[in-house]
Amino acid sequence: MLAESLFFSAVLFVIGVVGVLTRRNAIIIFMCVELMLNAVNLSFVAFAQVYGVAGQVFVFFVMTVAAAEAAVGLAIIIALFRHRHTVNLEQINLLKG
Amino acid sequence: MMLLQSVQEAATQGSATGTAMDWLWLVPMLPLLGFVLNGAISLLSATTLGPADPSAAGHGHRDDGHTAHGHDHEHPEPHKLAWLTSIIGSGVLIASFGVAVAVFMAYRSSGAADTAPIVQTYFTWMLTGDLSINASLMIDQLSLVMVLVVTGVGALIHVFSVGYMREDPGYPRYFAYLNLFVFFMLVLVLGANYPVLFVGWEGVGLCSYLLIGFWFSDKANADAGKKAFIVNRIGDFGFLIAMFLLFANLGSLDFTVLRTAAAGLEPGGVLVTAICLFLFLGCTGKSAQIPLYVWLPDAMAGPTPVSALIHAATMVTAGVYLIARSSFLFSIAPFASLTVVVVGALTAIFAATIGLKQWDIKKVLAYSTISQLGYMFVGVGVGAYAAGVFHLVTHAFFKALLFLGSGSVIYAMHRAYHATHSHEDAQDMRNMGGLRTQMPWTFALMWVATLAIAGVPAFSGFFSKDEILTSVFVRARGSTLADATWFGVPGNVVLYACYALGLAAALLTAIYMTRMMLYTFHGPSRTGEKERPHLAEAPWVMTGPLVVLGVLSAIGGWLNLPAFVPVQPTTSLEHWLEPVVGKSALRVTHGAPQEISHSLEYALVGAAVLIAAIGIWIAFNRLKPETLVPKAQAKPEEGFQRVLEHKYFVDEAYDKVIVRPTFVTSRNLLWRGIDVGLIDGLMVNGSAWTARALGWLGSTLQSGQVGTYAWVLVLGVLAVLGAVTLR
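Residues numbered from 1 in each chain as written. Chains lettered and ligands numbered in written order. Predicted model: local features only at pLDDT ≥ 70, side-chain atom pairs only at ≥ 80, totals over all residues. Heavy atoms only, no water.

*Asks:* Could you clarify how one ought to interpret the state of the cysteines in this entry?
*Replies:* Two cysteines, two sulfur atoms, one covalent bond between them: this is a disulfide. Evaluated as defined, the whole model comprises 0 disulfides over all chains. The structure places no disulfide on B:Cys207, whose sulfur is separated from the nearest cysteine sulfur, that of B:Cys283, by 19 Å. (Disulfide = S-S within 2.5 Å.)

Right under this line is the structure:
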């Protein structure tokens, strides 16, 4: 059971990473990041069955942080869109050396 | 205050308590006080009285730029505080001379005179490792002679300066420098160890530089000052090396310690020879000997009293003093001593030939000084230290007189040209002539000095020069020098040759000095019709010191009459100096005073007198002041005379061989190559360029593309994970 859960978590995580690396739309990248967080959550829960409840506690923390991050992140993306009329990250590159 | 305490300490240390010798520190300190006060006046007046100094006023100098009152077009006011400066400036010197005389008397009457010198230590100057150097002054017979000459002749020249420099706007500055010079000169001759002596040595060099370039708004004068300073630096290098060698091998730099420690050195060994040769290199710089004499003729750019004080009577004799002071070293280094003799003799004859064709009255005297310094070195070189110092003293008298007399002449000439707004050269003898009627005092006194320097019997120079020449001849017949070889030549051959050179130089001396007198004072006046009525004797403040020096020049020989004259006392100076240099002198002559038969001595004296007489006779017969034309109409010389007039082109040769190559190398290799190219280019700008390149590289990493960052992040994490798992 643990192995399958971890395998599933790994697949989810890799999907998230590939999404972050390949996509250009900020919203989609944001969703991919959420996917990675949830993959981690899944492995926490799976480990919790073997090593005790600490993993489940961590999951709550992660969900809380993810919620806050979603609020802030989406607000930033909206503000960005209002300025630049795009959420394509290739065109948002002002901060460079 | 500190000094007072130290003096008390020195007194409690038991060195002759309660005598005038405790006031020795006053001798150098009084001139220093004068320097401080006059310097303060000079600085204050620069701020409160407006631009009184020539540096600020941009005054109009004469073309020659040599004369004291070089302000033709404007008439600068004499300095407002000149009276105060006169009192301070010459007052401290006279006071210092008084203290020196008191110290001399106390030393003579104290029983200490025959034993060890008296050292007064004021404070520890340097204490590091084995090296301990005290700021201490020493009284012994040699330093007392020097102190009396420096303060005595110095005081006379200060008084003369009061008249000569009166109208110069830089009057307080002049006296400040002059006082400072005397202070350093006294430190030089009173110092109880080589480093203190060296402080004085460098200090007088500094003052010489400041005073040569006194009218520094004229570039030629400033250049002459620089030349003197730089050429002296070469000699100082030798002095320093000698001090290092002494300390490294003998462990001390105190004269009293070294005198006994020198006994441990191998006589004639490499070490003592090297030390002496390096010391002598220092002397060639300071005392203007071949090859470093070139600065002294240029030093005539300074005011004439400066030439008299620094560049004739005192500072340039420092090298002679140094060798006499280091006699315990030179007497066991025959090769080095022979070098001193040869260089001295060559310098004497070389400078004398140049003196034959100079037209500038001060240039004649400058080359004469170089030549006479050569004599002194011959004297101290052959181990006749007392004779060298004796000639130093008499030379101080008659050369100071000659320079001050020429100053008097220049003063008169300049006033005449000034009155008629003429732009002729006030120092060129072709513009003078016939001055004996207008300036009888200067005329008579300068003849006294001329007879003295030419070696006419009964005048001071006769005795001192004769004693040196006799010493050379005697040493050639038997001494450690005669036994040694000099570059393969037997020492006695070298000494006989130097004796011949000395006689030849004496002949030339008589000729060029008589020539100078003939052209300046005899014959018809070439000054010009308009100027002639304005020529007159200088004021008494200037002529007075001349009279005193004239008396000294005439009777100075009594200080050390040779043994064969019927008058007593004889050889008093030699006897007086015996505790200092007697042992060293004996060592040169195989431990026994040299006896020569009276017939030989009379023959030697006769030869010298004959030479002087022939020289004067030649000058009177061959030189015709009547045929001379003023400078402006003079034709250029030809042949060897031209070579002489241009001083053998030594300056030009030095310029081509040393100055130019150094200059070109410095500019092209050191400046443009190493400084601009390597240091500025490669090092400074190179490191800046490297930093900028690295920065550019770093800045391109920050592209602003979040995707790229994400890739780098993921790849980095993978790399770390890979590294951790695969390890």
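*Asks:* Looking at this structure, I do not really get the nonpolar core. What am I missing?
*Replies:* Nonpolar side chains tend toward joint burial in soluble globular proteins. Within the largest apolar cluster, 229 residues are counted, with the highest numbers of intra-cluster contacts made by B:Tyr194, B:Leu329 and B:Met516. When residues of this core are assigned to their parent elements, the largest contribution, 22 residues, is made by helix H17 (residues 385-419) of chain B. Leave out the neighbours within four places in its chain, and B:Met516 touches B:Ile361, B:Val364, B:Leu365, B:Leu402, B:Met429 and B:Met446. Counting residues in each nonpolar core, the second largest holds 14 residues, with A:Ala26, A:Met36, A:Ile77 and A:Ile92 among its members. (Core = buried A, V, L, I, M, F, W, Y, C linked by side-chain atoms within 4.5 Å. Buried < 20%, exposed > 50% of the residue type's maximum accessible area, 1.4 Å probe, protein only. Helix = DSSP H or I, 4+ residues; strand = E, 2+ residues; numbered from the N terminus. Contact = heavy atoms within 4.5 Å.)

*Asks:* What's the story with the packing of helix H15 (residues 334-355) of chain B against helix H21 (residues 491-521) of chain B in this structure? I'm lost.
*Replies:* How two helices pack is summed up by the angle between their axes together with the distance between the axes. All names here are of chain B. In the contact formed by H15 and H21, the axes pass within 8 Å of each other and the chain directions differ by 25 degrees. The orientation of H15 relative to H21 falls into the category roughly parallel. Considering the relative orientation of H15 and H21, their crossing is left-handed. Across the interface between the two elements, Leu338, Val341, Val342, Ala345, Leu346, Ala348, Ile349, Ala352, Thr353 and Gly355 from H15 touch Gly491, Val494, Leu495, Cys498, Leu501, Ala504, Ala505, Leu508, Tyr512 and Arg515 from H21. Tallied by class, residues from the contact of H15 with H21 come to 16 nonpolar, 3 polar and 1 charged. (Axes fitted to C-alpha atoms, helices over the stretch in contact; angles between N-to-C directions. Parallel < 35°, antiparallel > 145°, perpendicular 65-115°, else oblique. Left-handed = near helix turned anticlockwise from the far one by under 90°. Nonpolar A, V, L, I, M, F, W, Y, C, P; charged D, E, K, R; others polar.)

*Asks:* Can you walk me through the interface of chain A and chain B in this structure?
*Replies:* One widely used convention gives an interface's size as the accessible area the parts lose upon coming together. Of the residues lining the interface, 10 residues belong to chain A; the matching set on chain B comes to 10 residues. Carbon and sulfur atoms supply 60% of the area that chain A and chain B bury against each other, a total of about 840 Å² over both sides. Inspection of the region where chain A meets chain B yields 0 salt bridges. Looking at side-chain class alone, the side of chain A that touches chain B contains 6 nonpolar, 2 polar and 2 charged residues. (Buried area = accessible area lost by both parts, 1.4 Å probe. Salt bridge = Lys/Arg side-chain N within 4 Å of Asp/Glu carboxyl O.)

*Asks:* Before we go on, may I ask you to explain empty space enclosed by the protein in this structure?
*Replies:* The gaps of empty space that remain are located by a probe, the size of a water molecule, rolled over the atoms. All names here are of chain B. In this structure the tally under the stated criterion is 3 cavities of 30 Å³ or more. Of the pockets and cavities examined, the largest cavity occupies roughly 60 Å³. Taken together, Ala454, Gly455, Phe462, Lys465, Asp466, Leu469, Ala506, Ala608 and Ala612 form the lining of the largest cavity. Those elements that provide at least two residues to the lining of the largest cavity are helix H19 (460-477) and helix H24 (598-622). No other element matches the 4 residues that H19 contributes to the lining of the largest cavity. Class assignment of the residues belonging to the lining of the largest cavity gives a composition of 6 nonpolar, 1 polar and 2 charged. (1 Å grid on protein atoms, 1.4 Å probe; cavity = no way out; pocket = protein on both sides within 12 Å on 5 of 7 lines; lining within 4 Å. Points joined across faces, edges and corners; volume = space filled by probe spheres on them.)

*Asks:* Would you explain helix H12 (residues 304-313) of chain B in this entry?
*Replies:* One turn of an α-helix holds 3.6 residues; hence residues three or four places apart share an orientation. Here H12(B) lies mainly inside the structure; 10 of its 10 residues are buried. Along H12(B), the positions that sit buried rather than exposed are B:Thr304, B:Pro305, B:Val306, B:Ser307, B:Ala308, B:Leu309, B:Ile310, B:His311, B:Ala312 and B:Ala313.

*Asks:* Got a minute to help me understand unusual backbone geometry in this structure?
*Replies:* When glycine is set aside, most residues are seen to have a negative phi, and most peptide bonds are trans. All names here are of chain B. Along the chain, isoleucine 290 connects to proline 291 via a cis peptide bond; the corresponding omega equals 5 degrees. Tracing the sequence through the fold places proline 291 in the loop between helix H10 (270-286) and helix H11 (295-298). Here the phi dihedral of histidine 421 falls at roughly 55 degrees; this positive angle occurs in a residue that is not glycine. Relative to the assigned elements, histidine 421 resides in the loop between H17 and helix H18 (440-454).

*Asks:* What is the right way to read the side chain of B:Gln358 from this model?
*Replies:* Residues and elements named next belong to chain B. Here glutamine 358 lies in the loop between H15 and helix H16 (361-381). Polar side-chain contacts of glutamine 358 include one of 3.5 Å to the backbone oxygen of leucine 644. If we ignore the near neighbours within four places in the chain, the residues touching glutamine 358 are Lys363, Val364, Tyr367, Met429, Arg515, Leu644, Glu645 and Lys647. (Polar contact = N/O pair within 3.5 Å; in protein donor to acceptor, adjacent residues only side chain to side chain.)

*Asks:* Could you clarify how one ought to interpret the environment of B:Trp441 in this entry?
*Replies:* All names here are of chain B. Residue placement: tryptophan 441 occurs in helix H18. Taking the relative accessible area as the measure of exposure, tryptophan 441 reaches 42% and is therefore partly exposed. Along the sequence, tryptophan 441 and glutamate 467 sit 26 residues apart, while their C-alpha atoms lie 30 Å from each other. In this structure, tryptophan 441 is in contact with Glu537, Trp540, Thr543 and Val547, ignoring residues within four places of it in sequence.

*Asks:* Where do I start with the pattern of salt bridges in this structure?
*Replies:* Pairing between side chains of opposite charge can happen when their charged atoms approach one another. Residues and elements named next belong to chain B. Scanning the model with the defined rule gives 12 salt bridges over all chains in all. Between arginine 532 and glutamate 529 there is a salt bridge, with the nearest N and O atoms lying 3.3 Å from each other. With a relative accessible area of 63%, glutamate 529 lands in the exposed category. Salt bridges here are not isolated pairs; linked through shared partners, they connect Glu202, Arg233 and Asp236.

Geometry only, nothing functional implied.
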